[in-house]
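Coordinate inspection notes
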Amino acid sequence: MLGINIGIDLGTSSVIIYVDGKGIVLSEDSVTAIEPKSGRMISVGAKAYKMIGRNPDSVAVTRPMRYGVISDFTATQSMLRYYLQKICGNRIFKPNIVICMPSTVTSLERRTLLELATSSGAGRACLVEEPLAAAFGAGVAFNKPKGVMIVDIGGGTTDIAVITMGCISVSKSIRIAGSAFDDDIIRYIRRERNMIIGEVTAEEIKKKIGCAYMRDAEIAVQVKGKNYFTGMPSYFEVSTTEVFLAIREHLEQIAESVREVLEITPPELSADISETGIILTGGGSALHGMDKLISKKTGVRAVVADDPVNCVARGIGCALKHMDILEENGYLFKTREDINVSPGQESILL
Ligand SMILES: Nc1ncnc2c1ncn2[C@@H]1O[C@H](COP(=O)(O)OP(=O)(O)O)[C@@H](O)[C@H]1O
Ligand SMILES: [Mg+2]
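I will try to describe carefully the structure that is included in this document. In this text, all values refer to a predicted model and were calculated from it rather than measured experimentally. (Residues numbered from 1 in each chain as written. Chains lettered and ligands numbered in written order. Predicted model: local features only at pLDDT ≥ 70, side-chain atom pairs only at ≥ 80, totals over all residues. Heavy atoms only, no water.)

1. Concerning the packing of aromatic side chains
Applying the stated criterion to the full structure yields two aromatic pairs. Ring plane angle 65 degrees and centroid distance 5.9 Å describe the contact between Tyr82 and Tyr83, whose orientation is recorded as edge-to-face. Residue Tyr82 is classed as partly exposed on the basis of its relative accessible area, which comes to 41%. By relative accessible area, which is 1% here, Tyr83 ends up buried. Note on Tyr228 and Phe229: the rings are 5.3 Å apart at their centroids and 75 degrees apart in plane angle, and the pair reads as edge-to-face. (Phe/Tyr/Trp six-rings, centres within 6.5 Å; stacked < 30°, edge-to-face > 60°. Buried < 20%, exposed > 50% of the residue type's maximum accessible area, 1.4 Å probe, protein only.)

Structure representation (C-alpha cells):
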C-alpha cells in the first residue's frame, strides 16, 4: 500500500496518533473551540482544553467525542483534519489509517467512523476494537489461544473485554469512567461543602489525591472555588477521603461490571485469566488503588499496564505491523468508494 501508515486512538479525553516507523507523534486533548456563527475553529487540543469554562459566549468549547463515539461529526472532522495535516503536510499519497472503535459500536457508528477517517485525509481506513489494541499495546501476543482480560478505563467509557487468538470473546462497555468521577467530585463538593468548582479543577483534584482504594495516610489539596450561597471566590481544602466518598458508587459499578464479564467468560479462558491476571489500561487505571480495588472485588490479580494512557495507541502501532494477521480475521482497509456503497449493500462494509 502506498502512503504512510498511521494509527489513531480517538478517545473521549485524548487523541493519540502513532506513525509507523516513528512511534507516538501526537497526544492532545480531544477538545475543540469553535466559533458557532462562522464555523471557524479557533483552537484545538491542549489549547482548547485550557478554554473549558473560560470561554466567552461567542466561542463553543466542546468535546466532539462522547462515550467513545462521535457526538459532533463536523467538530471531530475539523480536529482530525488539523492533526493529519500537521503530521502528513502535503504528501502526494494519502495515509492508510487504522482507527480505534469501542467494542460495542453499532454498524452505523462504524460507518460514521470510516467516513470520518476518509473525509479527514485518509486514503484507506480500517477499524480495530479498542480493547484489542489495548491488549497488543500491553504486550499480549497476537494469535495465541490464551484468554486475556482487558479493562480499559478511559474518559467516557470503561471497556471490559476477554481476548483470545486476536479476537474478542466477550465484552461489555459501560458509560462510567474518568469523566463520571469528575462529575461526582463536583456534585459532592457542592452538596457537602457548598462550594462550586469547574470540570478542570475536579479533574485536577482527582489526579492529585483521588483514590479507588482508601490510602493509608490522609492527604489534601487546596482548591479554588466559588461559594454556593455568597457567589464569592475562595480557597478551601479537599481531602482524599472526600474524593473517595464522592466517586465510591461509580467505582463499585466498574468493579461489578468486571465481575459480570468474568461470570460469562468461557471456563478455559477464565482459567487463563486467573493465571495471567486482569490488565488495566487507559488513563482511569492510573487512579491510585484501581488495581487493588479490582483485585479485591474479583479475587483475580489486576495489574496496571506500563504507560496505560498510551497503551491503545502503541497497540495500534503493533497492529500496523501485523496487518496480514488482522486481515485474516476480517479487518480490512476501506476506501471512500467502498464506504459509499448503495443502500442494501451495507454488509460489504461490515
Ligand atoms: N493519574 C490519573 N489519575 C486518575 N485519573 C487519571 C489520571 N490520568 C488520567 N486520568 C483520567 O483518565 C481519563 C482519560 O483517559 P484516556 O485513556 O486518555 O481516555 P480516552 O481513551 O477516553 O480518551 C480522564 O478522565 C483523566 O482524568
Ligand atoms: Mg481510550
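What follows picks up the thread again.
2. Description of the site of ligand 1
Looking at ligand 1, there are 16 residues lining it, with Ser13, Ser14, Gly155, Glu203 and Lys206 nearest. Here an oxygen atom of ligand 1 sits 2.6 Å away from a polar atom, N or O, in the side chain of Glu203. One nitrogen or oxygen atom from the main chain of Gly283 is found 2.9 Å from an oxygen atom belonging to ligand 1. For the shell around ligand 1, the elements supplying multiple residues, two or more each, are helix H5 (178-193) and helix H6 (199-209). (Near = heavy atom within 4 Å. Polar contact = N/O pair within 3.5 Å; in protein donor to acceptor, adjacent residues only side chain to side chain. Helix = DSSP H or I, 4+ residues; strand = E, 2+ residues; numbered from the N terminus.)

3. Looking at the sheet that holds strand E4 (residues 32-35)
The three strands are arranged E5-E4-E6 in an open sheet whose pairing can be described as antiparallel. Each edge of the open sheet carries a strand with a single partner, namely strand E5 (40-44) and strand E6 (60-62). For this sheet, the mean inter-axis angle between neighbouring strands, taken without regard to orientation, is 25 degrees. Pairing analysis gives four bridges linking E4 to E5, with the strands arranged antiparallel. Bridging across to E5, Ile34 finds its partner in Met41. (Pairing = 2+ DSSP bridges. Axes fitted to C-alpha atoms, helices over the stretch in contact; angles between N-to-C directions.)

4. Comments concerning the nonpolar core
The biggest cluster of nonpolar side chains holds 46 residues, and the ones touching the most others in it are Met149, Ile205 and Ile278. For this core, the element with the highest residue contribution is helix H7 (residues 240-264), accounting for ten residues. Here this core spans two domains, and each of domain 2 (143-176 + 251-309) and domain 3 (178-246) adds at least three residues to it. With sequence-adjacent residues up to four places away left out, Ile278 is seen in contact with Met149, Val151, Val258, Leu262, Ile273, Ile294, Thr298, Val300, Arg301, Ala302 and Val303. By size, the runner-up hydrophobic cluster in this structure holds 29 residues, among which are Ile8, Leu10, Leu113 and Leu116. (Core = buried A, V, L, I, M, F, W, Y, C linked by side-chain atoms within 4.5 Å. Domains from an automatic or database assignment. Contact = heavy atoms within 4.5 Å.)

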